[in-house]
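The lines below spell out each chain.
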Amino acid sequence: QVQVAESGGGLVQPGGSLRLSCEASGDPLSNYRVAWFRQAPGQEREYVGRIWAGKTTNYADSVKGRFTISRANARNAVYLQMNNLKPGDTAVYYCSAEHLSGFGDTYWGQGTQVTVSS
């Protein structure tokens, strides 16, 4: 079993960058595929991207070319690097972890707020 927690959110101007962290305790996060989602006020939770074992990634069209997901196994973490941020990226960002075997629960963090505003 793994527990995950997001950090790194904050207020940034349009065009700026932030790096969010999804840090794990319990099992090694390298045993899990990790996804990032976001939820803006009054909207449904939206898929942002995912990293599978190794470096294989997938992104929503809305963030492709601007966001990058990577693993930091030594830190038991996954990062979401967000560049060229836009006001529409404002949301609470969540990471989730699912075991690579496909068995078990989906583990969610509490989320971290990202606000893009001038």
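Predicted model, so just to flag it, every value in this text is computed and none were measured.

Colleague: When you look at the environment of serine 17 in this model, what are you seeing that I'm missing?
Modeller: With respect to the secondary-structure elements, serine 17 resides in the loop between β2 (10–12) and β3 (18–26). Distance in space between the C-alpha atoms of serine 17 and valine 2 is 28 Å, their sequence separation being 15 residues. Contact partners of serine 17, with chain neighbours within four places excluded, come to Val12, Gln81, Met82, Asn83, Asn84 and Leu85. Side chain to side chain, serine 17 and asparagine 83 meet in a polar contact 2.9 Å long.

Colleague: What's the story with the packing of aromatic side chains in this structure? I'm lost.
Modeller: Aromatic rings in a pair are described by how distant their centres are and how their planes are angled relative to each other. Under the definition given, this model contains three aromatic pairs. Ring centres of tyrosine 32 and tyrosine 107 lie 6.4 Å apart, and the angle between their planes is 80 degrees; this geometry places the pair in the edge-to-face category. Note that tyrosine 32 is positioned in strand β4 (residues 32–39) and tyrosine 107 in strand β10 (residues 106–108), a separation of 75 residues in sequence. Each member of the pair, tyrosine 32 as well as tyrosine 107, is classed as buried.

Conventions we followed
Residues numbered from 1 in each chain as written. Predicted model: local features only at pLDDT ≥ 70, side-chain atom pairs only at ≥ 80, totals over all residues. Heavy atoms only, no water. Helix = DSSP H or I, 4+ residues; strand = E, 2+ residues; numbered from the N terminus. Contact = heavy atoms within 4.5 Å. Polar contact = N/O pair within 3.5 Å; in protein donor to acceptor, adjacent residues only side chain to side chain. Phe/Tyr/Trp six-rings, centres within 6.5 Å; stacked < 30°, edge-to-face > 60°. Buried < 20%, exposed > 50% of the residue type's maximum accessible area, 1.4 Å probe, protein only.

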